[in-house]
Amino acid sequence: QAAAPLHFSRPPCRRARAGRGTMAPEGGLSSSASEPRLGSGRQATQLRSAGLTLANATTNLYDKMRSEGLFRDFAKDVRPAGVSITVPLADSAERDVQPDVYFPLPNTPAGERKYRYLSHQPGEIHVHHGLKEQKLPGEEFRYGIRGVKGESAAATLSAGHLYGLAEYKNSVAERIYESTTREPLGKPHIRGHELRMSSGGFGVPSGVPQDAKKVLFPVDVPPESEASCANYKKSHNHFQPGERHERDYTWPADLADPNFRFGKVVHTDGANVRQVLRPEIDDEGFYVKTRLVQKVCEDFRHVHHPKMGRKVHSKQGSVGHPMPYEHQYGIKSITSGCTAGSCIKGYYSLQEQLPDQDLGRCLKIGRRNVTTETRAFGVSSVRTDIPAPLPGKRSVADCVNYGDEFGCASLLVPQRFDDRGVPDSEFLLRRPREELQSLVESTKYGGGEIKFDELWDRALTLFDDGLPLVSLDALLYLHTQDIEESVRRRCSGRLAPSASAPTLPAR
């Protein structure tokens, strides 16, 4: 610690006042100097000041760690960069516990004390620093200038009023203006309209109401003509899904031949086959001439441009790579004991891999949410516990899901007849006999293949309530069973169709 620089805060020197009695000479020892105390002379005062200064001596953390040998300084001649924190030289637990006694903070300057948040003394009213030491005028002082008293508001309002003959003369003079005639004072604006209201009130009736389902999914609209579709294809590139793009080219008549091919036909009379069978001749029909070249150039050509079907030469000599197969290039890393395999696989123990104790629960006493109830706390995202407002009265800004909205499943897997506006719930709806029979007869199989009376009696047995109502799904279920039974008997060779089974045509 001798090498650590010391920063002393030297107190101002004071001259030692000599008493009226004799004072010991400087540099000499009195008769009581051998006692184990400092005495009360000038030398004792200097020793006390030196001891207090040494007790309050500080250093920085860098010099302290270097003097204690906690690190090695390889470049002693290079000045360290940065600013090191200040630490006490004689550090102890007592100094750390009582920093306000041993290391008191400097007092706030008097000129800046009023700007501090805790600048007021006990019992003093806390006011803004701008109002402190402010010199205000006396109580009789008033801001602004004194106004000149003029006309009152009542006199101003009654200044233009005319009465009697003067008012009559003014009204006669104002009759020539159109605004006086069309917009008289105190009366509505006269536009000269002659209003005639019918017995039913204002407006035009909308007529017979139409079904919204037929408006969204019209079934009686005639299909578009071919000319209209062709115009849309030309103007908007509107093609049907999977439709082929016809460009209406005028092809020559030779295209009708099934063996037609594009390109120019060249009759070679078998010359191409002759060249394939005789590779030693060139394209002009002459034998390839032999040329004498340098062997080095030919070897380079064979190495750099391998023949077809041969692997590329590795250019490592005639016998291959000179180093053995287990050889590894480079030097072994000695900076760390962790290898790449340990970093990838991990080297943590089982105790370190276990989750923390506070994962998913609170360990602070008094803050744990421990309950014996089995219900779910909070509010669910789908509010099925409250009644949903009517769709016509629901606000556009209402983002609450009341359980009556469609999810992603209806978009990813739509229903079978969703494109026609018929949901699957219509098949489960129970209908009377007349309505269900009209639905069955409107299909292409409802003429004579389906025995509706027998299916109706069998479908009534599927419901236990005794109501004369049957769903279309139940009717299709029984009809499917009859078809499967008919197919099973035909495949087994014992075809005996029942009265309600449909007559399937032979294939």
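Quick caveat: nothing in here was measured; it's all calculated off a predicted structure. (Residues numbered from 1 in each chain as written. Predicted model: local features only at pLDDT ≥ 70, side-chain atom pairs only at ≥ 80, totals over all residues. Heavy atoms only, no water.)

A. Region of interest: the overall build of the protein. When helices and strands are tallied, the protein shows 18 helices and four strands. Here the analysis covers contacts within the protein between residues at least 6 apart in sequence; of these, 38% occur between residues at least 24 apart. Accessible surface, the protein as shown: approximately 47,600 Å² in total, 56% of it carbon and sulfur. (Helix = DSSP H or I, 4+ residues; strand = E, 2+ residues; numbered from the N terminus. Contact = heavy atoms within 4.5 Å. Areas by Shrake-Rupley, 256 points an atom, 1.4 Å probe, with all protein chains shown as cover.)

B. Here's a closer look at the packing of aromatic side chains. Applying the stated criterion to the full structure yields eight aromatic pairs. Between the aromatic rings of F141 and Y143, the centroid separation amounts to 5.0 Å while the plane-to-plane angle is 85°, which identifies the pairing as edge-to-face. For F141, a relative accessible area of 42% translates into the label partly exposed. On the accessibility criterion, Y143 (70% relative accessible area) is exposed. Through a chain of ring-to-ring contacts, three or more aromatic side chains come together here, namely Y249, W251, F260 and F262. Geometry around F427 places R416 over its ring, the cationic atom sitting 5.8 Å from the centre. The ring centre of F463 lies 4.1 Å from the NZ or CZ of R430, which sits over that ring. (Phe/Tyr/Trp six-rings, centres within 6.5 Å; stacked < 30°, edge-to-face > 60°. Buried < 20%, exposed > 50% of the residue type's maximum accessible area, 1.4 Å probe, protein only. Lys NZ or Arg CZ within 6 Å of the ring centre and 35° of its normal.)

C. Summary view of the pattern of salt bridges. Tallied over the entire structure, the rule returns 16 salt bridges. Between D385 and R383 there is a salt bridge, with the nearest N and O atoms lying 3.1 Å from each other. Taken together, the shared-partner salt bridges connect E426, R431 and E435 into one network. (Salt bridge = Lys/Arg side-chain N within 4 Å of Asp/Glu carboxyl O.)

D. Broad picture of helix 9 (residues 226-236). With zero of its eleven residues buried, helix 9 lies for the most part at the surface. Residue N237 follows helix 9 closely and has a positive phi angle near 55°.

E. Structural context of the packing of helix 17 (residues 452-460) against helix 18 (residues 472-492). One way to put it is that helix 17 packs onto helix 18 with a least axis distance of 9 Å and a crossing angle of 115°. The orientation of helix 17 with respect to helix 18, classified from their angle, is roughly perpendicular. Crossing angle aside, the handedness with which helix 17 passes helix 18 is right-handed. Where helix 17 abuts helix 18, its residues F452, L455, W456, R458 and A459 lie against L475, L478, H479, Q481 and D482. In terms of residue class, the contact of helix 17 with helix 18 is built from six nonpolar, two polar and two charged. (Axes fitted to C-alpha atoms, helices over the stretch in contact; angles between N-to-C directions. Parallel < 35°, antiparallel > 145°, perpendicular 65-115°, else oblique. Left-handed = near helix turned anticlockwise from the far one by under 90°. Nonpolar A, V, L, I, M, F, W, Y, C, P; charged D, E, K, R; others polar.)

F. Expanded view of a nonpolar patch on the surface. On the surface, a cluster of nonpolar side chains totalling about 350 Å² of accessible area is made up of L61, M65, L70 and I85. Classification of I85 as exposed rests on a relative accessible area of 53%. (Patch = residues over 30% accessible without salt bridge, like charges linked within 9 Å, V, L, I, M, F, W, Y side chains within 5 Å.)

G. A look at the nonpolar core. Formed by 13 residues in total, the largest nonpolar core has its most connected members in L436, V440, F452, V470 and L475. Elements with a minimum of two residues in this core: helix 16 (433-441), helix 17 and helix 18. Contacts of V470, omitting those with residues within four sequence positions, involve L429, R430, R431, L436, W456, A459, L460 and F463. (Core = buried A, V, L, I, M, F, W, Y, C linked by side-chain atoms within 4.5 Å.)

H. Geometry of the packing of helix 16 against helix 17. Where helix 16 meets helix 17, the axes come as close as 12 Å, and the angle between the chain directions of the two elements is 130°. Overall, the two elements helix 16 and helix 17 adopt an arrangement that is oblique. When you trace helix 16 past helix 17, the crossing you get is right-handed. Contacts from R433, L436, Q437 and V440 of helix 16 reach helix 17 at F452, D453 and W456.

I. Looking closely at unusual backbone geometry. Notably, E133 is not glycine yet its phi reads approximately 60°, a positive angle. If you trace the backbone, E133 turns up in the loop between helix 4 (99-102) and helix 5 (153-157). Within the chain, D248 stands out as a residue other than glycine whose phi angle is a positive 55°. By the element assignment, D248 lies in the loop between helix 9 and helix 10 (271-277).

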